[in-house]
Amino acid sequence: MYPEFEDLALKLFHVDAVKFGEFMTKSGIKTPVYFDLRVIVSYPDVMELISNLLHNFAMKGLEYDHLCGVPYTALPIATLLSVQTKTPMLMRRKEAKSYGTKKMIEGHYSAGQKCLIIEDVVTSGSSVMETVKDLRKEGLKVNDAIIILDREQGGSQNLANNNVQIKSLFTMSTLIEILVRKGKISENIAFKVKQYLNDTKAPSSDNKKSNNRMLLTFEKRSELSSNPLSKQLFNIMATKKTNLCLSVDLTSSTSILNLLEKVGEHICLVKTHVDIIEDFNPDFVAQLKQLADRFNFLILEDRKFADIGNTVSLQYQKGMFKIADWADCVTSHSLPGEGVLKALSSSCNGVAKGVFLLAEMSSEGNLITPEYREASVNMAAKYPNLVMGFVCQNKDTFNNPGLIQLTPGVQLESSKDDMGQIYNTPEKVILENGADVIVVGRGIVASKSPESQALIYKEALWKCYTKRVSGKLE
Ligand code: 5BU
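Model, not experiment: these values are computed from the prediction.

Draft legend 1. Geometry of the sheet that holds strand β4 (residues 89-92). Taking strand neighbours across the sheet as the criterion, the six strands line up as β5-β4-β3-β6-β7-β8 in an open arrangement whose pairing is mixed. Edge strands, defined here as strands with exactly one partner in the open sheet, are β5 (105-106) and β8 (165-171). Sheet topology note: the strand β7 (residues 141-150)/β8 ladder contains six bridges and is parallel. Its bridge partner lying in β8, I147 is registered against S168. Strands β7 and β8 of the sheet are contacted by helix α6 (residues 172-181), whose axis makes an angle of about 10° with β8.

Written as structure tokens, this is what we have:
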């Protein structure tokens, strides 16, 4: 072993890029080892050592026209290597912009050129694959990835299955071996880490299909769901063959009821904003519920709760709307923290009610960040009986196939309104972005014939869903 590798292993240990003890992973599993290579940006000598080793060892013999770091941790390393080797760099956007036309890859390139991937840590290989897929979509060839650490949990095999070969500076075993030899960790710790890594192999890309919500039918997902109302909604969709949610943004109760009378058979869910109805009254609610029973759809009040728990509890149960009495489910922001979910779960008098938590919005320039989205999903995991799914725009928001992705901002053509709403097409939101239930408002409500338009949407949406679960996308 070259001494530079030992030097790097010790440096990573000393800057706490690798830690041993008892940690909790994002998915709530205990782990005896923890990597956070993000800290290396604070240590220029470590950055320099890593890029030199990648250059002198991992990149040797590979052919490439471009370098592309997997966002974010590998970006500065890719930059150093780009400058060092005078190789142009490409950058992949981590977040797809919510509207259709925005480029995913920044930089100048032509189809057919080769791109080498740079990544810090590989576990299952899925982050590398996300970047590879976007580059390949642009016609670039991607055959190799260079990695700082391979955790040996199945990632290199998964990537090889997808024609990406990896070269890593360390495998987990070599890193552990150096740290034991240099007296930094005990044999006992090394044993525990190896055992943990063996027991927690990442699912192989083949097995993963059986748990991939993009490929599972609503019938199957109903079985996998632990939330009673999600189960019910999955079953309604499967039975009625519709994943259309109508957003009835009308201001008179009669116009809402008349519209639902006409389109009730085409929808799985109706979404209301009760506070815009000028003549709201208890009789409206009674008739709405009758229609829901007759046509077999659920009622979602898009209340977007966003206050402290106590106030939310009052807004949910009291006032003139008494939402808890009639809505099967509601939408809520996660912004105030868990209190809002506590309030909504304790306000149902034992009757199963659901919440769709906002993890993203469809409007241009909204302030939700990837970190906020992730924190919302983590918060929801503590309330599995309450949270039915997320209002969001991207499939990466969550993986659990028992949860439902509700996506607004949909029309037959991609466009925008003049107040910041962004519309994507059924194909885009279902096939690429992972939408399960699709919210359509003005696309139907403002059309000359809402009844025939609802049928057109229902059929277009269902066609995309069946194509998605058939797995024949590319
Ligand atoms: P539209 O007419 O299809 O634009 O109506 C969309 C509905 O979905 C409308 O009631 C919005 O309040 C709701 N909505 C949205 O458009 N975007 C979002 O991110 C969220 C809700 Br959350």
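Once the structure has been displayed, the description carries forward.
Draft legend 2. The arrangement of the environment of Q157 in detail. If you trace the backbone, Q157 turns up in helix α5 (residues 155-161). Here the alpha-carbon distance between Q157 and S124, two residues 33 residues apart in the chain, equals 8.8 Å.

Draft legend 3. A look at the packing of α6 against helix α7 (residues 187-199). It is the contact of α6 with α7, at a shortest axis distance of 10 Å, that shows an interaxial angle of 170°. On the basis of their axis angle, the class for α6 and α7 is roughly antiparallel. Listed contacts from α7 to M172, S173, I176 and V180 of α6 are E187, A190, V193, K194 and L197. Split into classes, the residues belonging to the contact of α6 with α7 amount to six nonpolar, one polar and two charged.

Draft legend 4. Summary view of the site of the ligand. By nearness alone, 17 residues border the ligand, and D249, S362, Q421, Y423 and R442 come closest of all. Here an oxygen atom of the ligand sits 2.7 Å away from a polar atom, N or O, in the side chain of D249. Residue K271 places a side-chain N or O atom 2.8 Å away from an oxygen atom belonging to the ligand. A total of 490 Å² of accessible area belongs to the ligand in isolation, and the protein chains cover 90% of it. For the shell around the ligand, the elements supplying multiple residues, two or more each, are β11 (298-305) and β18 (437-440). When the residues that make up the shell around the ligand are grouped by side-chain class, the tally is seven nonpolar, five polar and five charged.

Draft legend 5. Representation of the nonpolar core within the structure. Within the largest apolar cluster, 59 residues are counted, with the highest numbers of intra-cluster contacts made by L246, L260, W326, L341 and F390. The leading source of residues in this core is helix α11 (residues 282-295), at six residues.

Definitions and limits used
Residues numbered from 1 in each chain as written. Predicted model: local features only at pLDDT ≥ 70, side-chain atom pairs only at ≥ 80, totals over all residues. Heavy atoms only, no water. Pairing = 2+ DSSP bridges. Helix = DSSP H or I, 4+ residues; strand = E, 2+ residues; numbered from the N terminus. Contact = heavy atoms within 4.5 Å. Axes fitted to C-alpha atoms, helices over the stretch in contact; angles between N-to-C directions. Parallel < 35°, antiparallel > 145°, perpendicular 65-115°, else oblique. Nonpolar A, V, L, I, M, F, W, Y, C, P; charged D, E, K, R; others polar. Near = heavy atom within 4 Å. Polar contact = N/O pair within 3.5 Å; in protein donor to acceptor, adjacent residues only side chain to side chain. Areas by Shrake-Rupley, 256 points an atom, 1.4 Å probe, with all protein chains shown as cover. Core = buried A, V, L, I, M, F, W, Y, C linked by side-chain atoms within 4.5 Å. Buried < 20%, exposed > 50% of the residue type's maximum accessible area, 1.4 Å probe, protein only.

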